[in-house]
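Each chain, written out:
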Amino acid sequence: MMEVEATIIGGGVVGLGIAARLAPKVKSLVLFERHDAWGQEISSRNSEVLHSGIYYAPDSLKAAFCAKGQRMLYELAREANIPHRRCGKIIIASTEAEVEELHQLKERGERNGAEGLRLLTGAEVVAREPSVKAVAGLLAPDSGIINAHVLMDVLAARALESGADLIRGAEVTGLEKVSNGWKISYRDADGEDTLTSRVVINSAGLGAQAVMAMAGIDLEAARLKLHLAKGEYFTVPSKYRNRLNSMVYPVPHKNLTGLGVHTVPDLSGGFKLGPNAFYVDSIDYTVDESHAAEFYESARKYLPFLQPDDLVPAMSGIRPKLSAANEDARDFYIRHEAERGAAGFFNLAGMESPGLTSCCTIGDYIAGMVCNYL
């Protein structure tokens, strides 16, 4: 039976970020990805936004990882020629009542390490974005977008260069605690097999709950049950290409599951609108066309040029949230589960936004935890 030092379950952007940062520090590393390509779930069905850290509770892991992670990804993108654009983000106040929210977001963002944040008057917003209607705005100049698929390929290549064994089309089917670590059962194109690993890192995203159960974690007692939140996107006509210079977001409201419908630019100058956010019981990536009216009503407050028939269904994604409907948002859950009787099991749950932005900082964090354990 093959023996390795570390095994990662899940080949999305976070799992690959961990592999790229951990592989140079251990003697042997295996990563299992159940699909035939990297990041087919959360990592390929999102806005591909590099966030600045404005929205997250100070002293949370999300706050600690986001701003630094953004800077690391820009550096990696330049170094590895990953397509990206530092287009900036403007959070729009559509009413005077929302202006105070901008001040609070600026203060929180600065506490979290976001750089260059600047309050804008309505006239300053229009000067930067003539097609946008606003009472005021908050500019986050370092926010941007990145090609997540190329990013994952680069992270995988870095891990491979450091000797990692990355296996696609291989699904972990069982975990058993043994004296020298964990016995891992898995299924790939060649059938069933096993290996032993001193540590296991659960970065399975939507599948993280199943992996926790395999490791003997009581999900209810640990408050680690995952809730599925769906977000849909609608695209707009190509006639609006290059109409906007920045990403444009509304002020987020506490009663919303997400950040509100905002513009999602692509690297060719076009943009989508989305996502909305609502809880679902199962994974289904269809887009409900009837939601176009809701998107239009939300976006026309700050994009008055939009017409009702402009919106066409584009795509959707599912996020694994630790908070249920009507509960306050929760932080990333990243922990060595030794106290739960699972020594050597490093557990990541609720890895939603800003997971992409934070993938390298999460990788460094896990690498430090694992190396201290080994």
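Residues numbered from 1 in each chain as written. Predicted model: local features only at pLDDT ≥ 70, side-chain atom pairs only at ≥ 80, totals over all residues. Heavy atoms only, no water.

### Thoughts on the pattern of salt bridges
Consideration 1: Evaluated as defined, the whole model comprises 13 salt bridges.
Consideration 2: Each of the salt bridges in this network shares a partner with another, and the network as a whole consists of K62, K321 and E352. (Salt bridge = Lys/Arg side-chain N within 4 Å of Asp/Glu carboxyl O.)

### Focus on helix α3 (residues 99–111)
Consideration 1: Taking 1.5 Å of rise per residue, 13 residues should cover 18 Å, and α3 covers 19 Å from first to last C-alpha, within 8% of that figure.
Consideration 2: For α3, the complete set of buried residues consists of V99, L102, L105 and G109. All buried residues of α3 fall inside an arc of 105° around its axis, so they share one side. More than 90 degrees from the buried face of α3, the exposed residues found are E107 and R111.
Consideration 3: Buried residues along α3 sit in contact with β5 (89–93), β6 (118–121) and β7 (136–140).
Consideration 4: Following α3 by one or two positions, G113 has its phi on the positive side, about 95°. (Helix = DSSP H or I, 4+ residues; strand = E, 2+ residues; numbered from the N terminus. Expected span 1.5 Å × (residues − 1). Buried < 20%, exposed > 50% of the residue type's maximum accessible area, 1.4 Å probe, protein only. Arc of directions from axis to C-beta. Contact = heavy atoms within 4.5 Å.)

### Some thoughts on the packing of helix α2 (residues 61–80) against helix α5 (residues 148–161)
Consideration 1: Contact geometry for α2 and α5: axes closest at 11 Å, N-to-C directions at 80°. With respect to α5, the axis of α2 lies roughly perpendicular. Here L73, L76, E79 and A80 of α2 come into contact with α5, specifically with L151, V154, L155 and R158.
Consideration 2: Taken together, the residues that form the contact of α2 with α5 break down as six nonpolar, no polar and two charged. (Axes fitted to C-alpha atoms, helices over the stretch in contact; angles between N-to-C directions. Parallel < 35°, antiparallel > 145°, perpendicular 65-115°, else oblique. Nonpolar A, V, L, I, M, F, W, Y, C, P; charged D, E, K, R; others polar.)

### Side note on the side chain of H262
Consideration 1: If you trace the backbone, H262 turns up in strand β15 (residues 262–265).
Consideration 2: The exposure class assigned to H262 is buried, which follows from its relative accessible area of 3%.
Consideration 3: Sequence-distant contacts of H262, that is, excluding residues within four places in its chain, are made with S47, V248, Y249, P250, K272, L273, G274, P275 and Y302.

### Focus on the environment of A329
Consideration 1: By the element assignment, A329 lies in the loop between β18 (312–321) and β19 (333–336).
Consideration 2: Since its relative accessible area comes to 67%, A329 is described here as exposed.

### Points about the sheet that holds strand β4 (residues 84–85)
Consideration 1: Reading across from one edge, β3-β8-β4 is the order of the three strands in this open sheet, with antiparallel pairing throughout. Bordering the open sheet on either side are β3 (49–50) and β4, each of which pairs with just one other strand.
Consideration 2: Relative to strand β8 (residues 144–146), β3 runs antiparallel, the two being bridged by two bridges. Bridge assignment links L50 to a residue of β8, and that residue is G144. (Pairing = 2+ DSSP bridges.)

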